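Summary of the model geometry
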Amino acid sequence: MPEHIRASALTALTVAALAAGTVLTAPAAGAAPKAAAPKFLSASQLPPHPTSAWTAGPVTEGFPEGLGSCVSTEGVPSYDYRHREFRTDLETNAVQLTVVADTAALAKALAKHYDDLIRTCADRIEKNDPDVQAEGRDYGTLPVEEGARVRGLHTETSWGATDISLLSVGRDGRTVTVVRWGQMGDFDDAPVAAFKKTTTTAVNKLY
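In what follows, the accompanying structure is described. (Residues numbered from 1 in each chain as written. Predicted model: local features only at pLDDT ≥ 70, side-chain atom pairs only at ≥ 80, totals over all residues. Heavy atoms only, no water.)

Below, the discussion takes up the state of the cysteines. The final tally for this structure, using the stated rule, is one disulfide. The disulfide partner of Cys-70 is Cys-121, and the gap between their sulfur atoms is 2.1 Å. Here the S-S torsion is close to -90°, and the disulfide linking Cys-70 with Cys-121 is therefore left-handed. With a gap of 51 residues between them, Cys-70 in the loop between strand E2 (60-61) and strand E3 (82-87) and Cys-121 in helix H2 (residues 121-128) connect regions that are remote in the sequence. Given a relative accessible area of 1%, Cys-121 falls into the buried group. (Disulfide = S-S within 2.5 Å. Helix = DSSP H or I, 4+ residues; strand = E, 2+ residues; numbered from the N terminus. Buried < 20%, exposed > 50% of the residue type's maximum accessible area, 1.4 Å probe, protein only.)

Structural data, given as structure tokens:
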């Protein structure tokens, strides 16, 4: 999300995992051994920019500010977050987050939690900032590993600034990845087909 949009304070959520008796905030007994670190997208795997090449930053520990106000760490355990940021020479930017949960059930619940935050992001933005109009769109699911979903978010301020973001959440076993692409513009400027390909690659590339 653009910096001019004030991030809303998200209410801490306790998300029930689909496996009986397991919740996000409860560490799993007898958790599986720690897996190898998931791999990240490369610059060439982002949606192509018509006039500027992508540059990839290093893989960094921590939760990225580049996900904006849609996705946060509230309501989930203190996972070991890792991320990678991307940018072009112009206004386009992107970021990928990876999170490894203790079990597949916890990862499934975490993926749903992140997708719910993205799905409701436009309403939260408008509720917390009367100077911003926001609209979200659902671009559907992708048949990759344990699944992924792509959504879009457009914001426009009262002074005329307009921004478009594409966000996706995908899962491979115990690992969840979130990818965000953004630039100035509206839904007509969003490379949805290319971003779906990027999301599929991101999930497939984790392991």
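Ranked by internal contacts, the top residues of the largest apolar core, which has 27 residues, are Tyr-114 and Leu-153. Those elements giving two or more residues to this core turn out to be strand E4 (93-100), helix H1 (104-119), H2, strand E5 (132-142), strand E7 (162-172) and strand E8 (175-184). Looking at this core element by element, the count peaks at seven residues for H1. If we skip the residues at most four places from it in the chain, Tyr-114 touches Phe-63, Val-71, Ser-72, Tyr-81, Leu-97, Val-99, Val-169, Val-176 and Val-178. (Core = buried A, V, L, I, M, F, W, Y, C linked by side-chain atoms within 4.5 Å. Contact = heavy atoms within 4.5 Å.)

One pass over the full model with this rule turns up two aromatic pairs. Measuring from centroid to centroid gives 5.2 Å for Phe-63 and Tyr-81, while their planes differ by 90°, and the two rings are edge-to-face. Here Phe-63 is found in the loop between E2 and E3, whereas its partner Tyr-81 is found in the loop between E2 and E3, with 18 residues between them in sequence. A ring pair is formed by Tyr-79 and Tyr-81, whose centres lie 6.5 Å apart and whose planes are at 90°; its orientation type is edge-to-face. Neither Tyr-79 nor Tyr-81 differs from the other in exposure class; each is buried. Aromatic ring contacts, followed pair by pair, group Phe-63, Tyr-79 and Tyr-81 into a single cluster. The lysine or arginine in question, Arg-137, covers the ring of Phe-187, its NZ or CZ lying 3.8 Å from the ring centre. (Phe/Tyr/Trp six-rings, centres within 6.5 Å; stacked < 30°, edge-to-face > 60°. Lys NZ or Arg CZ within 6 Å of the ring centre and 35° of its normal.)

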